There are 4 protein chains.
Amino acid sequence: MKRFFLAVAAIFAAFSSANAGKVVLDSLYSRTLGSNVYFNVYLPSGYGKSDAHYPLTFLLHGLYGTHQDWPSHLTPVADELINSGECRPMVIVMPNAGGADVKHVQNGYFNMPGRPYEDFFFRELLPEVEKRYNCGGRKGQRAIMGLSMGGGGSTVYCQRHPEVFSSCYAMSPWLDNDGNQVGGRRSEKDCLAITCQSVCDNSALRFVQEASDETVSQLRTIKWFFDCGDDDFLFDQSVKMHQLMRSRKIKDELRIRDGVHNWEYWHTALRTALPFASRNFGR
Amino acid sequence: MKRFFLAVAAIFAAFSSANAGKVVLDSLYSRTLGSNVYFNVYLPSGYGKSDAHYPLTFLLHGLYGTHQDWPSHLTPVADELINSGECRPMVIVMPNAGGADVKHVQNGYFNMPGRPYEDFFFRELLPEVEKRYNCGGRKGQRAIMGLSMGGGGSTVYCQRHPEVFSSCYAMSPWLDNDGNQVGGRRSEKDCLAITCQSVCDNSALRFVQEASDETVSQLRTIKWFFDCGDDDFLFDQSVKMHQLMRSRKIKDELRIRDGVHNWEYWHTALRTALPFASRNFGR
Amino acid sequence: MKRFFLAVAAIFAAFSSANAGKVVLDSLYSRTLGSNVYFNVYLPSGYGKSDAHYPLTFLLHGLYGTHQDWPSHLTPVADELINSGECRPMVIVMPNAGGADVKHVQNGYFNMPGRPYEDFFFRELLPEVEKRYNCGGRKGQRAIMGLSMGGGGSTVYCQRHPEVFSSCYAMSPWLDNDGNQVGGRRSEKDCLAITCQSVCDNSALRFVQEASDETVSQLRTIKWFFDCGDDDFLFDQSVKMHQLMRSRKIKDELRIRDGVHNWEYWHTALRTALPFASRNFGR
Amino acid sequence: MKRFFLAVAAIFAAFSSANAGKVVLDSLYSRTLGSNVYFNVYLPSGYGKSDAHYPLTFLLHGLYGTHQDWPSHLTPVADELINSGECRPMVIVMPNAGGADVKHVQNGYFNMPGRPYEDFFFRELLPEVEKRYNCGGRKGQRAIMGLSMGGGGSTVYCQRHPEVFSSCYAMSPWLDNDGNQVGGRRSEKDCLAITCQSVCDNSALRFVQEASDETVSQLRTIKWFFDCGDDDFLFDQSVKMHQLMRSRKIKDELRIRDGVHNWEYWHTALRTALPFASRNFGR
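Some details on the overall build of chain A
Along chain A, the regular secondary structure elements total nine helices and ten strands. Its C-alpha atoms give chain A a radius of gyration of 19 Å, within 12% of the compact-globule value 19 Å for 283 residues. Principal axes of the C-alpha set define a box for chain A whose edges measure 60 × 40 × 40 Å. Counting over 283 residues, chain A shows a buried share of 62%. When the 31 basic and 30 acidic side-chain charges of chain A are each reduced to a single mean position, those positions are 5 Å apart.

Right under this line is the structure:
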């Protein structure tokens, strides 16, 4: 029976492209957070067979999600686009920022009381990834992207750390919580309430509105892309962001495609996002 | 030499699909306007070879344009989509609503002092087209679409005559002129000023905002599609329309693609617009 | 904890479109096969709330697959396309034709010694589906599509039963096994060998080559679509089919997109296949 | 009146993207051909405002065509894709290789009796373009693409001069004339007959079939893309080329889209071709 499955696997390997990347599960003990953090890493076909250096992309999950969400969506798309040349071979890191039980386990990409995730990300995760894997190393070799809460995280990370990433692709991003779009009006002061408050406190929209001219200059060093469904409940935020960016003369791309806040939308977004990151890596 | 060109033409005819529609120039004396009005008519391959009845689509040009703008863009796209079945064979009428000299020749789709074009359209043009050509005849067999001023015209025509068309596809539409987006602040009271004022007076945005519940019910009998470039100077209007439609629970589609206010955008829009009209014709 | 998950589910339900179809698992005892056969059924949003009748599409899996393969890919795409109007609401049936253990369990869509699946399909499954669900009933209300072995099955079913389906969409289809493309040269006479032989015996390519003029007329009553990746190991077969169809003047569509023989290809194919079936249903 | 048109022009300039390239008509006296040869040059926005060096793409017209064919199709697409970053700013040269009167004026990209165009292209045109414009200079900074006869020309130029271009994009290419696909069986020995014979003599298909292993290695240094309509009368040639390339293990891309041998196909092909050339320029 085991032999049978090997045979099936062999046949399927022959069916699909010879050039398939792989995803490895990795983790890191964070002193900042006082706990272990998991992350998945997509390594393109050929990684490790030479001393080639690769660009590095971070791909962030949404609220209710984990590092386990993206791999099954990412792998076939990255394999295909790298194989056809639409996307350069790159290392793609998918870290865990929370989990499904959002009321009882703190999640999110910002610093929150007792959980300075943003500090962890820039001081521990990013340097460690670049130490363990042959990738990144400078702005021109790094990109970030994500969905919903991860789209908002990507945007704010680029706003506050403009020297780190060359491009930002935000899918159906959660950029503010001024109208309690997520979580609703909360009486309980649980973990979800804290996450929602952190999105208010770190509003990506307000950041653009209030940016000094010097900050605006820095924002212009990043390539921006916002991609949201016409029936997404967060639709207004992507549009507002585009309007703010234009008012400050920061070039960005906006696309409104058919769809809602779901995986079908984010899966297809990868077909635009990966080539976007790819062509904006430094030369 | 003449024979040579015939040979070339024959070769090209063989190259391209056998099923090519044709465009005929037609005209109508309008009592309402007191002048002759030209319109081009796309007749699909096979038209007139049987007594088959066809759906009817109106395709409206923009400010500075005429009935001569659309045919070269429409024909290859309509031929291809009809040939592959993505679009049903249909009669497509492209009427003249003005001309390039917008300051000295009155244009636009609304009734203006001395030029009641909307009256002409519904009382003379539409009935006459359906008399001369074997097409249309009822809401389920009629669609309307257009670019810029023609996108605004299509929208308002459907708002005010919800019993006439089954669908409306507005490309980069000019839906209001509240901020003097077109024409700028005008001191001269020329034809352009009158056109701009008419767009204010017939605001498609205000129409949705102020619609009674009964009117809203009627608007829901139409399929709506708004399609605008992310760098279009009229971008805000399409987005505002989508937000208003949602707030009144009138279902519509919105797409923001890459692009500006130009023919490249409108040409590619036809690939979405024609199938949209096609699938919304009654069965 | 249970309450928590309900809350999460409620939030997600609010996030995504209100109009979501559902998949139900059904089964049928087949006298012809002497066993129970499972099939999944996609019911569009609103099904059962009125006495509305729906078109019926069969969606077939590939070798090594079962009725469980398609649902997770189909549901989000069908929901989106039905919601935006690109596809009419329809009932979609995904029957089981085999299983992963292809050497020891007979599978495939043709009649094989002791397993007349084609007879089962047309004499038992199809009539029973139309009895249990409010759908189909005539050629103009039925379509068929499938991947790989299911693409070949769809094609041959339409060739041999041209009065049953209005359209056929074959994804990366397995249309012949003349060159032992699948299974290789087999010494063992196991179930896989029998399946492979049945594909030789029921070659869709040879069928077109050898079709009488009368058969060709019947084939022209079906809308055909072949869709295969440029790096698919079965590439040559789709191309050959298109060439044969053209040589017999049977209109078909062919698309070669980027990709290989995998789920990424078939998932994206649904975005073309469902609207194709939809617009070819009778009016 | 003049002022009016200036005003209109100003308004339209404001409408469309500020970053518009321009096309200049240039020419060169060819000693090889003993005549003047025209070529159009697309210069991207910003060209000449700094000493920036640009990649160089040649874009070839088809039989019956001239250097005047491509500019109106190229400009809006290049402007849009460069503006959105999907394509790097590049210089695009569209040379004349013939003219509409193909029986009486010799045309084509190969050396023909008394008209060694290929020699002219590589010995005179290419060096002169790189002298006059700040572009190209090495394989990694050069691409070539074209339609029909120009697609065949691009392919053969890369086959015979593999050290010159980094990529080749062939649209509906004419790669052989073995079956008299173009021109038919000709009794007259006119210019068209000579062109057709030259395509036989310089068959791109035979070149791959007969290539030595060393030549195959060189062909692998080029990125290849073939793009042809499913209803194109030259369809078989693109498919055959892909099959030959795979049999020699030379990686290429093939796409079969909906369409025939016409400008609608080639215009839309630019959206794939320009990014393809762009991402294959050396880094």
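So much for the structure itself; the text now carries on.
Considerations on the pattern of salt bridges
Taken as a whole and judged by the stated rule, the model has 60 salt bridges over all chains. Residue B:R255 pairs with A:D258 through a salt bridge whose shortest N-O separation is 3.5 Å. Within this pair, whereas B:R255 is found in strand 10 (residues 252-257), its partner A:D258 is found in the loop between strand 10 (252-257) and helix 9 (263-280), the two belonging to separate chains. Both residues of the pair, B:R255 and A:D258, belong to the buried class. D:R246 serves as the salt-bridge partner of C:D236, at 3.5 Å between the closest nitrogen and oxygen.

Comments concerning the packing of aromatic side chains
Applying the stated criterion across every chain yields a total of 64 aromatic pairs over all chains. Arranged with centres 5.4 Å apart and planes meeting at 40°, the rings of D:Y47 and D:Y54 form a pair that is tilted. When its relative accessible area of 21% is taken as the criterion, D:Y47 is described as partly exposed. An aromatic cluster of three or more residues is present, and its members are A:F58, A:Y109, A:Y117, A:F120, A:F121, A:F122, A:Y157 and A:F165. Over the aromatic face of B:Y265 sits the side chain of B:R257, whose NZ or CZ is 3.9 Å from the ring centroid.

A look at the state of the cysteines
Counting across every chain of the model gives zero disulfides over all chains. Considering cysteine sulfurs only, B:C168 is the nearest to B:C158, which forms no disulfide, with 4.4 Å between them. In this structure C:C196 is a free cysteine whose sulfur lies 7.6 Å from that of C:C200, the closest cysteine sulfur available.

Let's talk about the environment of B:K223
All names here are of chain B. Topologically, K223 is positioned in strand 9 (residues 223-229). Separated by 53 residues in sequence, K223 and F276 place their C-alpha atoms 8.8 Å apart. Excluding its chain neighbours within four sequence positions, the residues that come into contact with K223 are S166, S167, C168, F276 and N280.

Points about the side chain of B:S238
Residues and elements named next belong to chain B. Position of S238 relative to the elements: it lies in helix 8 (residues 235-247). Accessibility expressed as a relative area gives 0% for S238, which makes it buried. Those residues within four positions of S238 in sequence are excluded, and the remaining contacts are P173, L175, C228 and L254.

Focus: the pairing of strand 8 (residues 167-171) of chain B
Here is the key point about a regular strand: its side chains alternate between the two faces of the sheet. Residue and element names in this part refer to chain B. Burial of strand 8 is extensive: five of the five residues sit out of reach of the surface. Both faces of strand 8 are covered, namely the face carrying S167, Y169 and M171 and the face carrying C168 and A170. Direction of pairing for strand 7 (residues 142-147) relative to strand 8: parallel, over a ladder of five bridges. Across the sheet, L147 pairs through a bridge with M171, a residue of strand 8. In terms of handedness, the path from strand 7 via helix 4 (residues 149-160) over to strand 8 forms a crossover that is right-handed. Taken together, the five bridges between strand 8 and strand 9 define a ladder with parallel strand orientation. The residue bridging C168 from the neighbouring strand is W224, located in strand 9.

Side note on the confidence of the model for chain A
All names here are of chain A. The share of residues in chain A with pLDDT of 70 or more is 93%, and the mean pLDDT across the chain is 92. Counted against residues more than four places away or in other chains, residues 1-17, with its pLDDT under 50, gives 14 contacts. For this predicted complex, the interface score ipTM comes out at 0.91, alongside a pTM of 0.93.

Concerning the packing of helix 9 of chain A against helix 9 (residues 263-279) of chain C
Following both chains from N to C, one finds helix 9 of chain A and helix 9 of chain C inclined at 110°, their axes separated by 13 Å at the closest point. In terms of axis orientation, helix 9 of chain A runs roughly perpendicular to helix 9 of chain C. Contact residues: A:E264, A:H267, A:T268 and A:R271 in helix 9 of chain A; C:E264, C:H267, C:T268 and C:R271 in helix 9 of chain C. Per-class residue counts for the contact of helix 9 of chain A with helix 9 of chain C are no nonpolar, four polar and four charged.

Remarks on helix 4 of chain B
Residue and element names in this part refer to chain B. Between its first and last C-alpha atoms helix 4 spans 16 Å; for twelve residues at 1.5 Å apiece the expected length is 16 Å, and the two agree. For helix 4, a buried count of eleven out of twelve residues is recorded, marking the element as mostly surrounded by other parts of the structure. Three or more residues of helix 4 are buried, namely M149, G150, G151, G152, G153, S154, T155, V156, Y157, C158 and Q159.

Considerations on the environment of B:N19
Residue and element names in this part refer to chain B. Counting through the fold element by element, N19 comes out in the loop between helix 1 (2-15) and strand 1 (22-30). N19 sits 64 residues away from N83 along the chain, and the two C-alpha atoms are 6.7 Å apart. Apart from the residues within four sequence positions on either side, N19 is in contact with S45, D79 and N83. A distance of 2.9 Å separates a polar atom in the side chain of N19 from a polar atom in the side chain of N83.

Topic: helix 8 (residues 235-247) of chain D
Relative to the 18 Å expected for 13 residues at 1.5 Å per residue, helix 8 of chain D spans 19 Å between its end C-alpha atoms, a close match to the ideal helical length. Residues D:F235, D:Q237, D:S238, D:V239, D:M241, D:H242, D:L244 and D:M245 constitute the buried set of helix 8 of chain D. In this fold, the buried residues of helix 8 of chain D make contact with helix 8 (235-247) and strand 10 (252-257) of chain C together with helix 4 (149-160), helix 6 (204-210), strand 9 (223-229) and strand 10 (252-257) of chain D. Positioned one or two residues after helix 8 of chain D, D:K249 has a phi angle of 55°, which is positive.

Considerations on the pairing of strand 1 (residues 22-30) of chain D
Residue and element names in this part refer to chain D. Bridging between strand 1 and strand 2 (residues 35-43) involves nine bridges; their strand directions are antiparallel. Note that in strand 2 the partner of D26 across the bridge is F39. Where strand 1 folds back on strand 2, the antiparallel hairpin that results is connected by four residues, among which G34 adopts a positive phi of roughly 70°.

How each quantity is defined
- Residues numbered from 1 in each chain as written.
- Chains lettered and ligands numbered in written order.
- Predicted model: local features only at pLDDT ≥ 70, side-chain atom pairs only at ≥ 80, totals over all residues.
- Heavy atoms only, no water.
- Helix = DSSP H or I, 4+ residues; strand = E, 2+ residues; numbered from the N terminus.
- Rg over C-alpha atoms; globule rule 2.2 N^0.38 Å.
- Buried < 20%, exposed > 50% of the residue type's maximum accessible area, 1.4 Å probe, protein only.
- Lys, Arg positive; Asp, Glu negative; His and termini not counted.
- Charge placed at Lys NZ, Arg CZ, Asp CG, Glu CD.
- Salt bridge = Lys/Arg side-chain N within 4 Å of Asp/Glu carboxyl O.
- Phe/Tyr/Trp six-rings, centres within 6.5 Å; stacked < 30°, edge-to-face > 60°.
- Lys NZ or Arg CZ within 6 Å of the ring centre and 35° of its normal.
- Disulfide = S-S within 2.5 Å.
- Contact = heavy atoms within 4.5 Å.
- Pairing = 2+ DSSP bridges.
- Right-handed = clockwise from strand over helix to strand, strands pointing away.
- pLDDT = per-residue confidence, 0-100.
- Axes fitted to C-alpha atoms, helices over the stretch in contact; angles between N-to-C directions.
- Parallel < 35°, antiparallel > 145°, perpendicular 65-115°, else oblique.
- Nonpolar A, V, L, I, M, F, W, Y, C, P; charged D, E, K, R; others polar.
- Expected span 1.5 Å × (residues − 1).
- Polar contact = N/O pair within 3.5 Å; in protein donor to acceptor, adjacent residues only side chain to side chain.

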